[in-house]
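So the chains spell out like this:
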Amino acid sequence: MITWGGINLLDRNINFCKRKFRTKKWTVLFILHMIQFTMSNACIVYRNNMTELEEPKKDILYYFALRLSIANTSIHGLLMKLYPIPSPAEDENDAPPPKR
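Under the annotation held in an unreviewed UniProt entry, the protein chain carries the name PiggyBac transposable element-derived protein domain-containing protein and is attributed to Trichonephila inaurata madagascariensis.

In structure tokens form, the structure reads like this:
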């Protein structure tokens, strides 16, 4: 059985989701390429771990779904730190002081 090497998988995953904009700044291109590179590596490691755990194939996320999941987790995690939602118990304890 012939399998794809690591570099071929990285290239395939990076080319699967091309960037929609163009820029001439090499620093921006480099940073975006490194982000795509790490996302692609994360996808390969995720798929390898899930197959080692013998998860059913229908439960393993494919590349684009995994990228969306990571992005949603990053955004919502950031929002939760910036704007914590108080629980109802905290609202009752934080009653304003009585007026004089």
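K.L.:
Any chance you could explain the layout of surface pockets here in plain terms?
P.N.:
Space left empty within the atom packing is revealed by a probe, the size of a water molecule, rolled over the atoms. One number sums up the size of the largest pocket: a volume of about 270 Å³. Together, L9, R12, N13, F16, C43, I44, R47, N48, Y62 and Y63 line the largest pocket. Broken down by secondary-structure element, the contributors of at least two residues to the lining of the largest pocket are helix 1 (6-16) and helix 2 (26-52). Taken together, the residues of the lining of the largest pocket break down into six nonpolar, two polar and two charged.

K.L.:
What is the right way to read a nonpolar patch on the surface from this model?
P.N.:
A grouping of W26, F30, I31, M34, I35 and F37 is seen on the molecular surface, where their side chains present a nonpolar patch of about 640 Å² in accessible area. Structurally, F37 is set in helix 2. Accessibility expressed as a relative area gives 31% for F37, which makes it partly exposed.

K.L.:
How should the side chain of S40 be read in this particular structure?
P.N.:
Looking at where S40 falls in the secondary structure, it is placed in helix 2. Not counting residues within four places of it along the chain, the set of residues in contact with S40 comprises L9, L10, N13, I14 and Y63.

K.L.:
Help me understand the environment of M50 in this model?
P.N.:
When you line up the elements, M50 lands in helix 2. Accessibility expressed as a relative area gives 16% for M50, which makes it buried. Measuring from C-alpha to C-alpha, the distance between M50 and L61 comes to 9.5 Å, with 11 residues separating the pair along the chain. Residues contacting M50, with those up to four places away along its chain left out, are E55 and I60.

What counts, and where the lines are drawn
- Residues numbered from 1 in each chain as written.
- Predicted model: local features only at pLDDT ≥ 70, side-chain atom pairs only at ≥ 80, totals over all residues.
- Heavy atoms only, no water.
- 1 Å grid on protein atoms, 1.4 Å probe; cavity = no way out; pocket = protein on both sides within 12 Å on 5 of 7 lines; lining within 4 Å.
- Points joined across faces, edges and corners; volume = space filled by probe spheres on them.
- Helix = DSSP H or I, 4+ residues; strand = E, 2+ residues; numbered from the N terminus.
- Nonpolar A, V, L, I, M, F, W, Y, C, P; charged D, E, K, R; others polar.
- Patch = residues over 30% accessible without salt bridge, like charges linked within 9 Å, V, L, I, M, F, W, Y side chains within 5 Å.
- Areas by Shrake-Rupley, 256 points an atom, 1.4 Å probe, with all protein chains shown as cover.
- Salt bridge = Lys/Arg side-chain N within 4 Å of Asp/Glu carboxyl O.
- Buried < 20%, exposed > 50% of the residue type's maximum accessible area, 1.4 Å probe, protein only.
- Contact = heavy atoms within 4.5 Å.

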